[in-house]
Amino acid sequence: SSVVTEFILLGFPVVWELDVLFFVVFLIIYVLTVSGNVTIISITLTDCRLHSPMYFFLCNLSFLDTMMATAIVPKMMRDFISLEKTVSVAGCISQCYFYFFFGTTEVILLAVMSLDRYVAICIPLRYSTIMSIQTSFQLGLASWAGGFFSVLSPMIIISWLPFCGPNVIDHFFCDFEPLINLSCADTHLLELVKFVLSTVVLLCSLLFTILSYLYIIITIVHIPSSSGWKKAFSTCASHITVASIFYGSAIFMYIVPNKGFSFSLKKAVTLQTAVFTHLLNPFIYTLRNQQVRDALRDTTS
């Protein structure tokens, strides 16, 4: 049975003054992240011009961004101003589960959003038939179910692991790898399962997205007018930007071998994915999407 009842998160070992500064900075980031994503969700729900599959998926993406930030940042902020940077074993496993559940769902959703753009640009006359309300809901539900079940098995195995000490995690949250490294049981099979699942989900989603955009590019190239080319590309620009940032960071963290990279670098990339990416997403979609800008302008005027 487990003899460790709580873990200590080292986070960012700095002097107290910097801890206070980090608390203020991440509080601002968290407030902006939640506010930006809630704004996207609100204007999408209230503006009839945005009642389409593309913005339905965008609503899901904004909700996932909010939940991923909430799974990490509040606990991290508390640790900045707390002398005891501890978390229970059950709380640590729960945080790990929800972070990867929301993250995996977002990976699948990005592939679904690329499919939506493919149908809209390559098969525009059949778009309303193919991407019906029912189909959009089913694809959204499939993304959530895929994220839930692909992460469930490894987390169940982790919950059975014995932790006999030490209990110090060199991270700012309960990430998968640092957590299982503290177990006093053999975790090679669990690491293999995690690697296979991460590889399958990430690379399949990435390959699907790349293929969708290859067909989109081929279609755009054959558009005769430059205005039509710009309009077609503008509908994809935001999604391409978000997908590039998310896939790049996720592949570096969970597929690329750790040899040759310091853990501090990996921790920095994780911070960018877990915190800053979710802050950038609503601004990317607001600044690069004309319909969202118009709806936001009408809402605030």
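It should be emphasised that the depicted structure is a prediction, and the values quoted were computed from it without experimental measurement. (Residues numbered from 1 in each chain as written. Predicted model: local features only at pLDDT ≥ 70, side-chain atom pairs only at ≥ 80, totals over all residues. Heavy atoms only, no water.)

Draft legend 1. Expanded view of the overall build of the protein chain. Along the backbone of the protein chain there are 10 helices and 3 strands. Put simply, the protein chain runs from its N terminus to its C terminus through helices and strands in the order β-α-α-β-α-α-α-β-α-α-α-α-α. Rg of the C-alpha trace for the protein chain: 21 Å, near the compact-globule value of 19 Å for 301 residues, within the 12% margin. A principal-axis box enclosing the C-alpha atoms of the protein chain has dimensions of 65 × 45 × 35 Å. Counting every position in the protein chain, which comprises 301 residues, the buried fraction comes to 47%. For the protein chain, the computed accessible surface area is about 14,700 Å², with 73% contributed by carbon and sulfur atoms. Within the protein chain, the 16 negative side-chain charges are centred at a point lying 12 Å from the centre of the 15 positive side-chain charges. (Helix = DSSP H or I, 4+ residues; strand = E, 2+ residues; numbered from the N terminus. Rg over C-alpha atoms; globule rule 2.2 N^0.38 Å. Buried < 20%, exposed > 50% of the residue type's maximum accessible area, 1.4 Å probe, protein only. Areas by Shrake-Rupley, 256 points an atom, 1.4 Å probe, with all protein chains shown as cover. Lys, Arg positive; Asp, Glu negative; His and termini not counted. Charge placed at Lys NZ, Arg CZ, Asp CG, Glu CD.)

Draft legend 2. Structural detail: the UniProt feature "transmembrane region" (unreviewed entry) in the protein chain. When the UniProt feature table is mapped onto this chain numbering, "transmembrane region" (unreviewed entry) sits at residues 20-43, 55-77, 97-120, 141-163, 195-221, 233-256 and 268-287. Taken end to end, residues 20-43 comprises 100% helix and 0% strand; its first and last C-alpha atoms sit 35 Å apart. (UniProt positions renumbered as here; feature names shortened; annotations may be inferred.)

Draft legend 3. Quick look at helix 5 (residues 133-160). Look at helix 5: 41 Å from first C-alpha to last across 28 residues, which is about the 40 Å you get at 1.5 Å a residue. Among all positions in helix 5, only Ser136, Gly140, Ser143, Trp144, Gly147, Ser150, Val151, Pro154, Met155 and Ile158 are buried. Here the buried face of helix 5 lies against helix 2 (53-80), helix 3 (89-122), helix 6 (176-180) and helix 7 (188-221). (Expected span 1.5 Å × (residues − 1). Contact = heavy atoms within 4.5 Å.)

Draft legend 4. Structural context of the packing of helix 3 against helix 5. Put simply, helix 3 and helix 5 touch, their axes get as near as 8 Å, and they point 150° apart. Judged by the angle between their axes, helix 3 and helix 5 are roughly antiparallel. Remark: the crossing between helix 3 and helix 5 carries right-handed chirality. Seen from helix 3, the contacting residues are Ile93, Cys96, Tyr97, Phe100, Phe101, Phe102, Thr104, Thr105, Ile108, Leu109, Val112 and Leu115; seen from helix 5, they are Leu139, Ser143, Trp144, Gly146, Gly147, Phe148, Ser150, Val151, Leu152, Met155, Ile158 and Ser159. Residue classes in the contact of helix 3 with helix 5 are distributed as 17 nonpolar, 7 polar and no charged. (Axes fitted to C-alpha atoms, helices over the stretch in contact; angles between N-to-C directions. Parallel < 35°, antiparallel > 145°, perpendicular 65-115°, else oblique. Left-handed = near helix turned anticlockwise from the far one by under 90°. Nonpolar A, V, L, I, M, F, W, Y, C, P; charged D, E, K, R; others polar.)

Draft legend 5. Highlighting helix 1 (residues 16-46). For helix 1, with 31 residues, the first-to-last C-alpha span of 45 Å sits near the 45 Å given by 1.5 Å per residue. Among all positions in helix 1, only Asp19, Phe26, Ile29, Tyr30, Thr33, Gly36, Asn37, Ile40, Ile41, Ile43 and Thr44 are buried.

Draft legend 6. Region of interest: the nonpolar core. In terms of nonpolar packing, the biggest core is built from 76 residues, with Phe7, Phe26, Ile158 and Leu179 touching the most fellow members. In terms of residues, this core owes the most to one element, helix 3, which gives 16 residues. Contacts of Phe26, omitting those with residues within four sequence positions, involve Val73, Met76, Met77, Phe80, Leu271, Val275 and Phe276. Core analysis: the second largest hydrophobic core is formed by 5 residues, Tyr213, Ile216, Ile220 and Cys236 among them. (Core = buried A, V, L, I, M, F, W, Y, C linked by side-chain atoms within 4.5 Å.)

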